[in-house]
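Remarks on the overall topology
What follows is the residue order along each chain.
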Amino acid sequence: MFLYLAIFFLIVAIYFSTYEKKANDVRILVFCMALLGIFVGISDMLGGYDRYIYAELFDDVANRIVNKENVFQAEIFNLYRTEPGYNIFNVLIGLFTRNRYIFIFITTIIIYALLFASFKRYMENYPYAVLLFMGLWFFFTFTYFRQVMAASIAWLSIQYIVDRKRWRFLSVLLIAMLFHNSAIVFVPLYFVPIKKFDKTRVLIVMVICLLLGLSNITGGLFEAYGSIVGAEDRAEIYTSDESGFRIAYLVEAVFFLGYILYNYHKIPQKPLNLVMLNMGLIFCAILLIFVRSENGGRLGWYYMIGIIATITYLATHTRKITYLGATMLFVSLFLYYRILFAWGVLLSPYKTFFTDGVREGDYIEEKYEYDHNYDIDKFYK
């Protein structure tokens with residue numbers, strides 16, 4: 001756990017040492033993203049169940065390539081029928097390696113390269129934005145490869161919303177959908193007017209979203225999503241989710257909404273700032289709509305960059321450390337530590353794949369490890 005906290009406070013130190021003059025130095029962003037990407041990429045099956053599923057599916061593809069079997073009969077093509085982009089991605093990496101750890105490393109580095117491109121383009125203060133990212137999304141990059149990659153691709157299309165280039169926007173979004181169909185929730189953003197909405201109307205909409213979330217409407221939304229993208233089986237899993245009221249979603253949405261609306265007058269009438277502002281508001285709305293769903297909040301990931309960009313602007317545009325800006329860093333640290341503590345052995349103790357063996361007490365490995373040859377030699381193939 002100490003190592004995770006050390007990385008967070010290292011970037012805090014970078015922020016405090018650069019906030020006056022060098023906050024937009026691209027070398028800082030390169031260092032931060034490279035550090036996080038390598039840290040995640042070389043970890044040994046940390047993050048939980050999903051890594052084992054993605055690794056096993058990749059191994060199946062790679063083995064078929066080596067054995068000169070029909071790769072299109074691999075299980076991944078049946079499991080993700082409507083997401084051929086991710087399937088072909090597995091095939092392309094399988095042409096170069098059969099090792100699951102190399103696959104995970106390459107995938108992670110690509111994700112962080114996409115994040116780097118978006119942060120470079122959209123953020124006012126690089127280290128501050130990275131700290132918010134660490135509190136909100138960092139740990140999910142350990143495990144949810146497809147949806148994280150889809151969101152990271154979708155974010156590249158934001159500039160085309162600002163520039164009103166519809167077909168380029170849809171082209172990028174189509175690529176994202178080929179990795180994870182849930183990227184379809186990003187389509188409406190293009191049609192949201194690029195303007196600052198009246199605060200009273202924003203609050204009314206948020207209350208309506210919360211009331212809808214307290215009802216049973218989320219099941220119908222997932223069913224509609226499944227029928228649109230042809231993933232009825234996956235939608236059924238989401239629909240059957242009965243995790244109960246998600247207090248964390250409500251608190252997060254209310255906190256961010258309150259912070260933004262309190263500083264509403266400070267947000268400039270520039271197209272990029274307005275698009276990011278509205279994305280942040282939509283993020284809060286999604287959390288409220290899915291306040292009774294365990295998985296629904298993941299749809300908000302596509303709009304999360306709006307929260308990061310808007311709060312980064314509000315906290316750092318004066319080039320001085322403000323009380324509110326410092327408060328948000330404490331909030332980010334709290335969110336970061338909350339997940340680190342809650343996930344427990346899924347993340348800690350940290351271990352890389354450069355050493356053989358398995359971590360003691362890793363119940364996910366005990367339950368889902370499909371190839372114990374990796375326990376003996378991480379590079380046996």
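Criteria and cut-off values
- Residues numbered from 1 in each chain as written.
- Predicted model: local features only at pLDDT ≥ 70, side-chain atom pairs only at ≥ 80, totals over all residues.
- Heavy atoms only, no water.
- Axes fitted to C-alpha atoms, helices over the stretch in contact; angles between N-to-C directions.
- Helix = DSSP H or I, 4+ residues; strand = E, 2+ residues; numbered from the N terminus.
- Parallel < 35°, antiparallel > 145°, perpendicular 65-115°, else oblique.
- Left-handed = near helix turned anticlockwise from the far one by under 90°.
- Contact = heavy atoms within 4.5 Å.
- Nonpolar A, V, L, I, M, F, W, Y, C, P; charged D, E, K, R; others polar.
- 1 Å grid on protein atoms, 1.4 Å probe; cavity = no way out; pocket = protein on both sides within 12 Å on 5 of 7 lines; lining within 4 Å.
- Points joined across faces, edges and corners; volume = space filled by probe spheres on them.
- Salt bridge = Lys/Arg side-chain N within 4 Å of Asp/Glu carboxyl O.
- Buried < 20%, exposed > 50% of the residue type's maximum accessible area, 1.4 Å probe, protein only.

Moving on to the packing of helix α2 (residues 26-41) against helix α7 (residues 126-136). Their axes nearest at 9 Å, the elements α2 and α7 cross at an angle of 25 degrees. Considering their axes alone, α2 and α7 lie roughly parallel with respect to each other. Seen from above, α2 lies across α7 with right-handed handedness. Along the contact surface, α2 presents V26, I28, L29, C32, M33 and L36, while α7 presents Y126, P127, V130, F133 and M134. Considered class by class, the residues forming the contact of α2 with α7 number 11 nonpolar, no polar and no charged.

Cis geometry marks the peptide bond from S348 to P349, where omega comes out at 5 degrees. Structurally, P349 can be placed in the loop between α17 (323-343) and α18 (363-368). Positive phi is not limited to glycine here, since M45 has a value of about 60 degrees. Along the polypeptide, M45 turns up in the loop between α2 and α3 (49-66). A positive phi angle, near 60 degrees, is found at R164, a position not held by glycine. Here R164 shows up in the loop between α9 (158-162) and α10 (166-179).

Applying the stated criterion across every chain, the model contains 2 cavities of 30 Å³ or more. In this model, the largest cavity occupies a volume close to 70 Å³. Every residue lining the largest cavity is listed: D44, M45, Y52, R100, Y101, V358, R359, D362, E365, E369, D375 and K378. Its residues assigned to classes, the lining of the largest cavity shows 4 nonpolar, no polar and 8 charged. As a volume, the second largest cavity reaches approximately 40 Å³. Taken together, L132, L136, F256, I307, I311, M328, V331, S332 and L335 form the lining of the second largest cavity. Secondary structure elements with two or more residues in the lining of the second largest cavity: α7, α16 (304-316) and α17.

Here the idea is simple: oppositely charged side chains can pair when their charged atoms come close. Using the criterion set out here, one finds 9 salt bridges in the structure. With a closest N to O distance of 3.7 Å, D59 and K381 form a salt bridge. Of this pair, D59 sits in helix α3 while K381 sits in the segment after α19 (373-376), and the two are 322 residues apart along the sequence. We classify D59 as buried; its relative accessible area is 3%. When the shortest N-O distance is used, the salt bridge between R64 and D60 registers 3.2 Å. Here D60 and R64 lie together in helix α3, a separation of 4 residues that amounts to about one turn. When its relative accessible area of 18% is taken as the criterion, R64 is described as buried. Among the charged side chains, a network of salt bridges with common partners joins D44, K351 and K378.

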